[in-house]
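Take a look at the letters that make up each chain.
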Amino acid sequence: MTVASMPAVHATGLHKRFGKVHAVRGLDLTVQQGEVVAFLGPNGAGKTTTIDMILGLSAPDQGTVSVYGHTPRGAISRGQVAAVMQTGGLLRDITVRETVQLNAAMFDSSRPVDEVLDRAGILEIADRRVEKCSGGQQQRLRFAMALVSDPGLLILDEPTTGMDVAGRRDFWAAIRADAVRGRTVIFATHYLEEADAYADRIILVRQGTVVADGTAAQIKNLASGRTVKASVPVEDRELLAGLPSADSVAFEGARVTVRTRDSDAVVRYLLNRTDAHDVEVASNNLEEAFLALTGEDAAPQTSDTALEGERAS
Ligand SMILES: Nc1ncnc2c1ncn2[C@@H]1O[C@H](COP(=O)(O)OP(=O)(O)OP(=O)(O)O)[C@@H](O)[C@H]1O
């Protein structure tokens, strides 16, 4: 495999446990060079744990990670990967420019400091002390620090947490402008809109595994299923195990709620095989659908089903 065709990240069968918490459960991930990938999932899905393993900050209990064909630490020491984490890593008493200069000194070759500050949109506050910077400015400073080694792969863990809408937009404009040069970007986020707006590809994680993987359009398609509600007699409930195309089945009193991408098949089954009545069919909104795909009762989706979702549209 040539260096140019080698994946930026290749992870197989990753597992990580913290005591009783099985945070990452058999996660596979391949990111090609030049992709901008969102790692999307609810709190506790395992995004940060996975990112830490890609960055070599923690070792998997099982499985392997390579970054440009090297170990994560090997890739970092070559300046091939850099990260913008949510917190930490800043000294309060020095200026913005001094912070980036210090960081640049760690690498054999680095981009000019002022160019990097300009790229991150903080050149005009270069002489401000870090402690006087707002949360959003500090995140841009972390971004500048990450750019200084001109890494092929940039990893951002929820970089816009705590920023207002305008700050978030500006931050992403700076990232996108920089990514145009072919940089690979992986970012973790809770926000479906952020993933939709800025990623070429979305990897949906839930309970430590990948539940869907595709373009934003494919994921939205998957997510744009229907909800079927019906009253089902208790004695017929066992039959619901055979429901076709059900992404999830939940009970509330006499009512059952089925999330599905094929509501016709679900309704046909309910009416033909059970004594269901008062059947209602409704479209999911995007937010509900995201919850359906990542919630406790969601069924895993493979990348094949992601593609089927698009073909079906
Ligand atoms: N050092 C640790 N010790 C114990 N449990 C941990 C540790 N780090 C993570 N966990 C647990 O592992 C699970 C996955 O956490 P992780 O931070 O990877 O999720 P996440 O998807 O990044 O969530 P968030 O969006 O809230 O940051 C959670 O249940 C978390 O409580």
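Residues numbered from 1 in each chain as written. Predicted model: local features only at pLDDT ≥ 70, side-chain atom pairs only at ≥ 80, totals over all residues.

A few points about the sheet that holds strand β12 (residues 255-260)
Thought 1: Here we have four strands laid out as an open sheet, ordered β11-β12-β10-β13, and antiparallel in their pairing. Sheet topology places β11 (246-252) and β13 (277-283) at the edges, where each strand pairs with a single neighbour. The average angle at which neighbouring strand axes cross in this sheet is 15°, direction not considered.
Thought 2: Relative to β13, strand β10 (residues 226-231) is paired through five bridges, and the arrangement is antiparallel. Each residue of the ladder has a partner; that of Arg-226, found in β13, is Ser-283. (Pairing = 2+ DSSP bridges. Helix = DSSP H or I, 4+ residues; strand = E, 2+ residues; numbered from the N terminus. Axes fitted to C-alpha atoms, helices over the stretch in contact; angles between N-to-C directions.)

Some details on helix α5 (residues 135-147)
Thought 1: Between the first and last C-alpha of α5 there are 19 Å, a value that for 13 residues agrees with the 18 Å anticipated at 1.5 Å per step.
Thought 2: Within α5, ten of the 13 residues are buried, which leaves it mostly tucked inside the rest of the structure.
Thought 3: Every buried residue belonging to α5 is among Gln-138, Gln-139, Arg-140, Leu-141, Arg-142, Phe-143, Ala-144, Met-145, Ala-146 and Leu-147, and all of these are buried.
Thought 4: Contact partners of the buried residues in α5: β5 (81-84), α3 (96-104), α4 (113-119), β6 (153-157) and α6 (165-179). (Expected span 1.5 Å × (residues − 1). Buried ≥ 20, exposed ≤ 12 C-beta atoms within 10 Å, placed from the backbone. Contact = placed C-beta atoms within 7 Å.)

What about the site of the ligand?
Thought 1: Surrounding the ligand, one finds Phe-18, Val-21, Ala-23, Gly-41, Asn-43, Gly-44, Ala-45, Gly-46, Lys-47, Thr-48, Thr-49 and His-190.
Thought 2: Among the elements of the structure, β2 (21-31) and α1 (47-54) are those that each provide at least two residues to the shell around the ligand.
Thought 3: Broken down by element, the shell around the ligand gets its largest block of residues, three residues, from α1.
Thought 4: Of the residues contributing to the shell around the ligand, the split by class is four nonpolar, seven polar and one charged. (Near = placed C-beta within 6 Å. Nonpolar A, V, L, I, M, F, W, Y, C, P; charged D, E, K, R; others polar.)

Regarding the confidence of the model for the protein chain
Thought 1: Taken as a whole, the protein chain shows an average pLDDT of 85; of its residues, 88% reach a score of 70 or greater.
Thought 2: Note that residues 300-313 has pLDDT below 50 and, in this model, 25 contacts with residues that lie over four places away or in other chains.
Thought 3: For this predicted complex, the interface confidence reaches an ipTM of 0.96, while the overall pTM sits at 0.75. (pLDDT = per-residue confidence, 0-100.)

Looking at the environment of Lys-220
Thought 1: Mapped onto the secondary structure, Lys-220 falls in helix α8 (residues 216-223).
Thought 2: Considering only alpha carbons, one finds Lys-220 and Leu-271, 51 residues apart in sequence, at a separation of 29 Å.

Examining the nonpolar core
Thought 1: Judged by nonpolar contacts, the single largest core of 64 residues is most densely connected at Ala-144, Ile-155 and Ile-203.
Thought 2: Top element by residues in this core is α5. It accounts for six residues.
Thought 3: When neighbours within four sequence positions are excluded, Ile-203 is seen to be in contact with Leu-29, Val-37, Ala-38, Phe-39, Leu-40, Val-210 and Asp-213.
Thought 4: The next biggest cluster of nonpolar side chains, apart from the first, holds ten residues, and it includes Val-228, Ala-230, Val-232 and Leu-240. (Core = buried A, V, L, I, M, F, W, Y, C linked by C-beta atoms within 7 Å.)

Describing unusual backbone geometry
Thought 1: The phi dihedral of Glu-158 falls on the positive side, at around 45°, and the residue is not glycine.
Thought 2: The residue Glu-158 is located in the loop between β6 and α6 in this model.
Thought 3: Residue classification places Glu-158 among the buried positions, given that 21 C-beta atoms sit within 10 Å.
Thought 4: Even without glycine at this site, Ser-245 takes up a positive phi of about 60°.
Thought 5: Assignment of secondary structure puts Ser-245 in the loop between β10 and β11.

Description of the environment of Gln-139
Thought 1: The topology assignment puts Gln-139 in helix α5.
Thought 2: The class of Gln-139 is buried, set by 27 C-beta atoms lying within 10 Å.
Thought 3: Residues Gln-139 and Gly-19, 120 residues apart in the sequence, show an inter-C-alpha distance of 32 Å.
Thought 4: Here Gln-139 is in contact with Val-84, Pro-159, Met-163 and Phe-171, once residues within four sequence places are set aside.

Some words on the packing of α5 against α6
Thought 1: One can describe the packing of α5 onto α6 by two numbers: an axis separation of 10 Å at closest approach and a directional angle of 10°. Considered as vectors, α5 and α6 are oriented roughly parallel to each other. Seen from α5, the contacting residues are Gly-136, Gln-139, Arg-140, Phe-143 and Leu-147; seen from α6, they are Gly-167, Phe-171, Ala-174 and Asp-178.
Thought 2: Within the contact of α5 with α6, the residues separate by chemical class into four nonpolar, three polar and two charged. (Parallel < 35°, antiparallel > 145°, perpendicular 65-115°, else oblique.)

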